[in-house]
Each structure stands twice: as C-alpha cells, then as structure tokens.
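Spelled out from the first residue to the last, the chains are:
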Amino acid sequence: MDWVDYAKGFCIVAVVMMHSTLGVEKVAGATGWMHHVIEFCRLFRMPDFFLISGLFLANVIDRDWRTYFDRKVVHFAYFYILWVAIQFALKKTVFVAELGWQGTAFAYLRAFWQPFGTLWFIYMLPIFFTIAKLARDRNVPWQVVMGFGVVLEIAHAAGIPPFSSGLVLVDEFAARFVYFYTDYIAAAHVFRFAAWAMANVPKALSALLAWGFANGVLVAMGYATLPVVSLALGATGACAVILFSALLSRLSFADVLRFAGQNSIVIYLAFFLPMGLSRALLLKFAPFLDLGTVALLVALAGLIGPVIAFLAVRGTRFDFLFKRPGWAYTCRAKPALQPAE
C-alpha cells in the first residue's frame, strides 16, 4: 500500500533529521532552527516507526515458530550483528583512543545486551515480534497485553524505576511496545482510517491542522513529555502521520518520500557514516552557514548516502551489506537473498 511507504519514509526522514541535528549541536555547542523541528516530531517519531512495523504482523504471526523465528528474529539479528561490527571497525581509532583496547573489546561485547548507538531499533524489533507471538500462542487476551503496554509507557514517562533506568533494552521496551502492539491489533482500523483520509481530503487536512497546533503548543509549553500526555501525543501523532501519508500518496511529486520508505531499513543501517563525514566537513569548511542549515544538509547526506551505497553494491559480492544471504537462513527453504526491509 502506497501510504505505508510514505509513512515509513516520513519516519526515517524524521529519525535522520534528529540524529543529524543533535550531532551538529553537540559538536558546535549551540542550537539552530532545526532543533525546533525535531522537538515538534519528538513524541511521535519513533512511536509511528514501531506502529508501522506492527501493521502487517497479523499476516504472519500464525506461522510455525521456526519460520517466524527466522523471518522476524534471525533476519534482524543478522543485520544488527553485521552493522555493529562495521560501526566498531570504522570507529576503532576513536574507541581505542578513549577506552583502550580492553575497553573497546568490552564495549563491543556490551553491544549485545545494551543496544549500540542508532541500531537499537533493529535490536528491539525481534523482541517485540517474539513477545507478540508468545502472547498469541498462549491466548493472552489482547486487552491484557495492551493494558500492560500502556502501564509500561506511563511508568517510563513518569521516570519510575526500573522503566527509566538508562538501560536501552528496558527503557525502549517500556516506551515503545504499546505502539507496536496497538497497530497489530488495530490494523484493520488503521487501513480504514487511511482510506477515509484519501476520500475526505478537506476533513483530513482540517484534522491535521488541529493536531499540529495542539502538538506544537504542548511541546512549546513543556508538557509533551508528561505521563499520559506523552502517550496521547504519541498515539495522535501516529494517526497524524497516517493522515499525512495517505494524502501524500495522491501526489506523484512526493514519490521521493515513498522511495525513502521502501528503503527505510537500508537508510537506517548506514546513515551514520555519511552523516558523520558531512557534519565534520561542513562545520570545518562552511562556518558561514547557520547551524540549522548545516543540520539540514547533514540530514540530506545521511538520507542520500545509504541509498547510493545500496545501489552501488546491488548485484555484487557486497550485497550482503543490505540483503541477507542464503547461508544466514535457519529454515530449509532458503531464498538467495532477502532485502533488509
């Protein structure tokens, strides 16, 4: 469905913008106009990413465990292990200078229980897929699982230990699982909602404007991260992204966003490298640019760079960077390659 690709594209653009902006601001020691953009997206950026990830789960959740485990756990584990190794290899000099060889080795091992850097999303997805199937197989009522997710999100927002502990595995599970599971349960309603938006453009635009105003006001007033409020803004923000994406799917000039969505995991895996290189070059050689513009250019590099790399290695022996090779399958039926998506 076209609008799903647009939603994924919007989410990956928002994620890259956030990391690019925060990275530029950290190095420069100041903030730019892009900071306000990422703050506006803060409460719904990752919730919508997880929501979309659970959208088609109902189609596969009743598969046998072996097939399901291969497609929903081993698949993402392959890319996580591969790209953790790549990131450590590329940043080895920095890590060794800061931590020493022993500290670097420990940091690498630690990445297997404390998700590393930007790759934490890839780490969390197999856990969410596994919990959802366990609940399904054991006939746990969806209301119980949903209620569990709501309580965890509120506890995290309130800073209640251990759900706001600094451990990525614990904190992100508490903060994000409810969105992933909600879209699995409510997928049919989500598709109807998107269809309504495409059939009622004026009403959908009015709803988007009203949401944008309310979200902006709550963010500006500092209320957005409060318990319950953060959950409400995450949910309504995800609905707004669905509306926005459904409307965009009617416009051919927005196909670039659709392409980004179709390759969202490719971008997510590799954006750190062009992001870091472009940030260093722009801050050093373009001091005349304001920080907001620098952050925007860095984000563009982070979005375009991985796509160029993906197209460059496609069909070569380096395909394994973005496609799971046959030897990495655990089922007998092994397709030659499976895209990162």
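No experiment lies behind these values; they were computed from the predicted model shown.

## Let's talk about the overall build of the chain
A tally of regular secondary structure across the chain gives 15 helices and 2 strands. On C-alpha atoms alone, the chain measures out to a radius of gyration of 20 Å, which is about the 20 Å that the 2.2 N^0.38 rule sets for 341 residues. Projected onto the principal axes, the alpha-carbon positions of the chain cover approximately 55 × 50 × 45 Å. Here the chain, with 341 residues, has 48% of them falling under the buried criterion. Excluding contacts between residues fewer than 6 apart, the proportion of contacts in the chain whose partners are at least 24 apart in sequence is 78%. Within the structure as shown, the chain displays about 16300 Å² of accessible surface, and the carbon and sulfur contribution to it stands at 69%. Across the chain, the centroid of the 27 positively charged side chains sits 6 Å from that of the 18 negatively charged ones.

## Details of the environment of Pro 161
With respect to the helices and strands, Pro 161 occurs in the loop between α7 (142-157) and α8 (168-185). The class for Pro 161 is exposed, based on a relative accessible area of 65%. Separated by 146 residues in the primary sequence, Pro 161 and Val 15 place their C-alpha atoms 27 Å from one another.

## Quick look at the environment of Pro 202
Among the secondary structure elements, Pro 202 is positioned in helix α10 (residues 201-220). A relative accessible area of 62% places Pro 202 in the exposed class. As for Pro 202 and Phe 69, which are separated by 133 residues in sequence, their C-alpha atoms are 44 Å apart.

## Here we look at the packing of aromatic side chains
Applying the stated criterion to the full structure yields 39 aromatic pairs. Ring geometry for Phe 121 versus Tyr 268: centroids 5.4 Å apart, planes at 55°, classification tilted. A residue pair is termed long-range when its members are at least 10 positions apart, and Phe 121 in helix α6 (residues 120-137) and Tyr 268 in helix α13 (residues 264-270) qualify at 147 residues. Phe 121 sits in the buried class, given a relative accessible area of 0%.

## Here's the deal with the nonpolar core
Membership of the largest hydrophobic core comes to 76 residues, with the highest contact counts inside it found for Phe 50, Leu 57, Trp 83, Phe 121, Phe 180 and Phe 322. Not counting chain neighbours up to four residues away, the residues in contact with Leu 57 comprise Tyr 68, Phe 129, Ala 132, Phe 180 and Tyr 184.

## Details of the pattern of salt bridges
The tally for this structure, following the rule as stated, stands at 8 salt bridges. Notably, a salt bridge pairs Arg 136 with Asp 62, separated by 3.0 Å at the nearest N-O pair. With Arg 136 in helix α6 and Asp 62 in the loop between α3 (45-53) and α4 (65-90), this pair connects stretches of sequence that are 74 residues apart. Between Arg 324 and Asp 70 there is a salt bridge, with its nearest N and O atoms 3.2 Å apart.

## Things to note about the packing of α10 against helix α11 (residues 229-248)
Where α10 contacts α11, the axes come no closer than 10 Å and their chain directions differ by 145°. Remark: the crossing between α10 and α11 carries left-handed chirality. Contact residues: Val 201, Ala 204, Leu 205, Ala 207, Leu 208, Trp 211, Asn 215 and Leu 218 in α10; Val 229, Leu 233, Thr 236, Gly 237, Ala 240, Leu 243, Phe 244 and Leu 247 in α11. Each residue belonging to the contact of α10 with α11 can be placed in one class, and the counts come to 13 nonpolar, 3 polar and no charged.

## As for the confidence of the model for the chain
Across the chain, the average pLDDT comes to 91, with 97% of residues at or above 70. Within the chain, no element has a lower average pLDDT than strand β2 (residues 337-339), which sits at 54, and none a higher one than helix α15 (residues 291-313), at 96.

## Points about α6
Across its 18 residues, α6 extends 26 Å between first and last C-alpha, which sits within 8% of the 26 Å expected from 1.5 Å per residue. Every buried residue of α6 is accounted for by Trp 120, Phe 121, Ile 122, Tyr 123, Met 124, Leu 125, Pro 126, Phe 128, Phe 129, Ala 132, Lys 133 and Ala 135. Of the surrounding elements, those touching the buried residues of α6 are α3, α4, α7, α8 and α13. Within two residues after α6, Asn 139 carries a phi angle of roughly 55°, on the positive side.

## Some remarks on α4
Look at α4: 36 Å from first C-alpha to last across 26 residues, which is about the 38 Å you get at 1.5 Å a residue. Of all the bends in α4, the largest measures some 30° and sits at Val 74.

## What to know about the state of the cysteines
Evaluated as defined, the whole model comprises 0 disulfides. A disulfide-free cysteine, Cys 41 has its sulfur positioned 9.6 Å from the sulfur of Cys 11, the nearest such atom. With relative accessibility at 10%, the residue Cys 41 sits in the buried group.

## Here's the deal with the side chain of Arg 45
Along the chain, Arg 45 falls in helix α3. No salt bridge is formed by the buried Arg 45; the nearest opposite charge belongs to Glu 39, separated by 6.5 Å. Apart from residues lying up to four places away in sequence, Arg 45 is in contact with Cys 11, Ala 14, Val 15, Met 18 and Ile 38.

## Observations regarding a nonpolar patch on the surface
Together, Trp 33, Val 37, Leu 296, Leu 297, Leu 300, Ile 304 and Ile 308 give the surface a local cluster of nonpolar side chains, amounting to about 580 Å² of exposed area. A total of 5 residues in the nonpolar patch trace back to one element, the largest contributor, which is α15. Locating Val 37 in the fold gives a position in helix α2 (residues 34-41).

Thresholds, definitions, all that
- Residues numbered from 1 in each chain as written.
- Predicted model: local features only at pLDDT ≥ 70, side-chain atom pairs only at ≥ 80, totals over all residues.
- Heavy atoms only, no water.
- Helix = DSSP H or I, 4+ residues; strand = E, 2+ residues; numbered from the N terminus.
- Rg over C-alpha atoms; globule rule 2.2 N^0.38 Å.
- Buried < 20%, exposed > 50% of the residue type's maximum accessible area, 1.4 Å probe, protein only.
- Contact = heavy atoms within 4.5 Å.
- Areas by Shrake-Rupley, 256 points an atom, 1.4 Å probe, with all protein chains shown as cover.
- Lys, Arg positive; Asp, Glu negative; His and termini not counted.
- Charge placed at Lys NZ, Arg CZ, Asp CG, Glu CD.
- Phe/Tyr/Trp six-rings, centres within 6.5 Å; stacked < 30°, edge-to-face > 60°.
- Core = buried A, V, L, I, M, F, W, Y, C linked by side-chain atoms within 4.5 Å.
- Salt bridge = Lys/Arg side-chain N within 4 Å of Asp/Glu carboxyl O.
- Axes fitted to C-alpha atoms, helices over the stretch in contact; angles between N-to-C directions.
- Left-handed = near helix turned anticlockwise from the far one by under 90°.
- Nonpolar A, V, L, I, M, F, W, Y, C, P; charged D, E, K, R; others polar.
- pLDDT = per-residue confidence, 0-100.
- Expected span 1.5 Å × (residues − 1).
- Bend = angle between axes of the 7 residues up to and from the residue.
- Disulfide = S-S within 2.5 Å.
- Patch = residues over 30% accessible without salt bridge, like charges linked within 9 Å, V, L, I, M, F, W, Y side chains within 5 Å.

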